[in-house]
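# Examination of the molecular architecture
These are the residues of each chain, in order.
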Amino acid sequence: MHDDLIHTLQTRFSQHMHRHSGLAWDKVLARLHAAPASLAVLQQMEDTGGEPDVIGHAGDTGAVTFCDCSAESPLGRRSLCFDAAALAARKANKPAGSAMAMAQTMGVTLLTETQYRQLQELEPFDRKTSSWIATPDSIRALGGALFCDRRYEQVFVYHNGAESYYASRGFRGRLTV
């Protein structure tokens, strides 16, 4: 059923070994076969333009971590405000949805600031776009939310009102299998 997806993931895995050095594809495939529901999540990541790839693995448990590795924030996940409360607070020009709700529906989590910075150590991402990241409750309680991008060969963390949305801002998802 997911043969095309597995082929796509294997091809991407082989083309970007720097993202997961020391890991063999057969170990990833075994994890995917052991958790078939993860394939549906990865398919949604792929369908929305995320280009998921393995970015880490836990040697002790064998768990592998997939993340959206598209050069820019996934096209099918842009123009979203941060969460449901922000969406409800907008009185006019509401976006189609929120990053947090879409991530939950897909079965992924938004990257934390630390995870985003670790992803950027693999290669440059979000040079023209930006991505919402998990936001501390203390910031969210005041109406804000955080996002990141890479400009001038630096990773920047910014804040915005959680209800804001832009055609160039989406979110990157993460899945551990």
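To keep things clear, this report deals only with the structure shown in the data block.

Calculation rules
- Residues numbered from 1 in each chain as written.
- Predicted model: local features only at pLDDT ≥ 70, side-chain atom pairs only at ≥ 80, totals over all residues.
- Heavy atoms only, no water.
- Helix = DSSP H or I, 4+ residues; strand = E, 2+ residues; numbered from the N terminus.
- Rg over C-alpha atoms; globule rule 2.2 N^0.38 Å.
- Buried < 20%, exposed > 50% of the residue type's maximum accessible area, 1.4 Å probe, protein only.
- Contact = heavy atoms within 4.5 Å.
- Areas by Shrake-Rupley, 256 points an atom, 1.4 Å probe, with all protein chains shown as cover.
- Pairing = 2+ DSSP bridges.
- Axes fitted to C-alpha atoms, helices over the stretch in contact; angles between N-to-C directions.
- Core = buried A, V, L, I, M, F, W, Y, C linked by side-chain atoms within 4.5 Å.
- Expected span 1.5 Å × (residues − 1).
- Arc of directions from axis to C-beta.
- Parallel < 35°, antiparallel > 145°, perpendicular 65-115°, else oblique.
- Left-handed = near helix turned anticlockwise from the far one by under 90°.
- Nonpolar A, V, L, I, M, F, W, Y, C, P; charged D, E, K, R; others polar.
- Phe/Tyr/Trp six-rings, centres within 6.5 Å; stacked < 30°, edge-to-face > 60°.
- Lys NZ or Arg CZ within 6 Å of the ring centre and 35° of its normal.

## Some details on the overall build of the protein chain
Summing up its helical and strand segments, the protein chain has seven helices and eight strands in all. Relative to the compact-globule value of 16 Å for 177 residues, the protein chain shows a C-alpha radius of gyration of 16 Å, a close match. When burial is assessed residue by residue, the protein chain has 47% of its 177 residues classed as buried. The contacts in the protein chain between residues at least 6 apart in sequence include a share of 61% that link residues at least 24 apart. Summing over all exposed atoms, the protein chain offers an accessible surface of approximately 8800 Å²; the carbon and sulfur share of this is 55%.

## Let's talk about the sheet that holds strand 2 (residues 64-68)
An order of 1-2-8-3 is seen for the four strands of this open sheet, with the pairing classed as antiparallel. At either margin of the open sheet sits one strand with a lone partner, and together these are strand 1 (52-57) and strand 3 (109-110). Along the sheet, helix 3 (residues 37-47) contacts strand 1, strand 2 and strand 8 (173-176); its crossing angle with strand 8, the most-contacted strand, is approximately 160°.

## Observations concerning the nonpolar core
Core analysis: the biggest nonpolar cluster contains 31 residues, and Val28, Leu32, Leu42, Phe66, Trp132 and Phe171 have the highest contact counts within it. Ile55, Leu119, Leu146 and Cys148 belong to the second largest nonpolar core, which has 11 residues in total.

## Things to note about the pairing of strand 1
Within strand 1, five of the six residues are buried, which leaves the element mostly enclosed by the surrounding structure. In the sheet, strand 1 pairs with strand 2 via five bridges, with the strands oriented antiparallel. Following the sheet pairing, aspartate 53 is matched in strand 2 by cysteine 67. In sequence, strand 1 turns back onto strand 2 through a hairpin of six residues, with glycine 62 there showing a positive phi of about 85°.

## Notes on helix 1 (residues 3-15)
In a regular helix each residue adds 1.5 Å, so 13 residues correspond to 18 Å; helix 1 covers 18 Å between its end C-alpha atoms and thus fits that length. Turning to helix 1, its buried residues number three or more, namely Leu5, Ile6, Leu9, Arg12 and Phe13. The buried residues of helix 1 occupy one face: seen down the axis, they fall within an arc of 130°. Turned more than 90 degrees away from the buried face of helix 1 sit Asp3, Asp4, His7 and Gln15, all of them exposed. Buried residues along helix 1 sit against helix 2 (25-34), helix 3, strand 1 and strand 2.

## Comments concerning the packing of helix 1 against helix 3
Running from N to C, helix 1 and helix 3 cross one another at 70°; their axes reach a closest spacing of 11 Å. Judged by the angle between their axes, helix 1 and helix 3 are roughly perpendicular. Relative to helix 3, helix 1 is oriented so that their crossing is left-handed. Together, Leu5, Ile6, Thr8, Leu9 and Arg12 of helix 1 and Leu39, Leu42, Gln43 and Glu46 of helix 3 make up the contact between the two elements. When its residues are assigned to classes, the contact of helix 1 with helix 3 shows five nonpolar, two polar and two charged.

## Remarks on the environment of aspartate 26
Position of aspartate 26 among the secondary structure elements: in helix 2. The exposed category is assigned to aspartate 26, whose relative accessible area is 53%. Considered as a pair, aspartate 26 and glutamate 123 are 97 residues apart in the sequence and their alpha carbons are 24 Å apart.

## Some details on the packing of aromatic side chains
Under the counting rule described, the total for this entry stands at five aromatic pairs. Between arginine 169 and the ring centre of tryptophan 132, over which it is positioned, the NZ or CZ distance is 4.7 Å. Across from the ring centre of phenylalanine 147, 3.4 Å away, lies the NZ or CZ of arginine 169, which sits over that ring.

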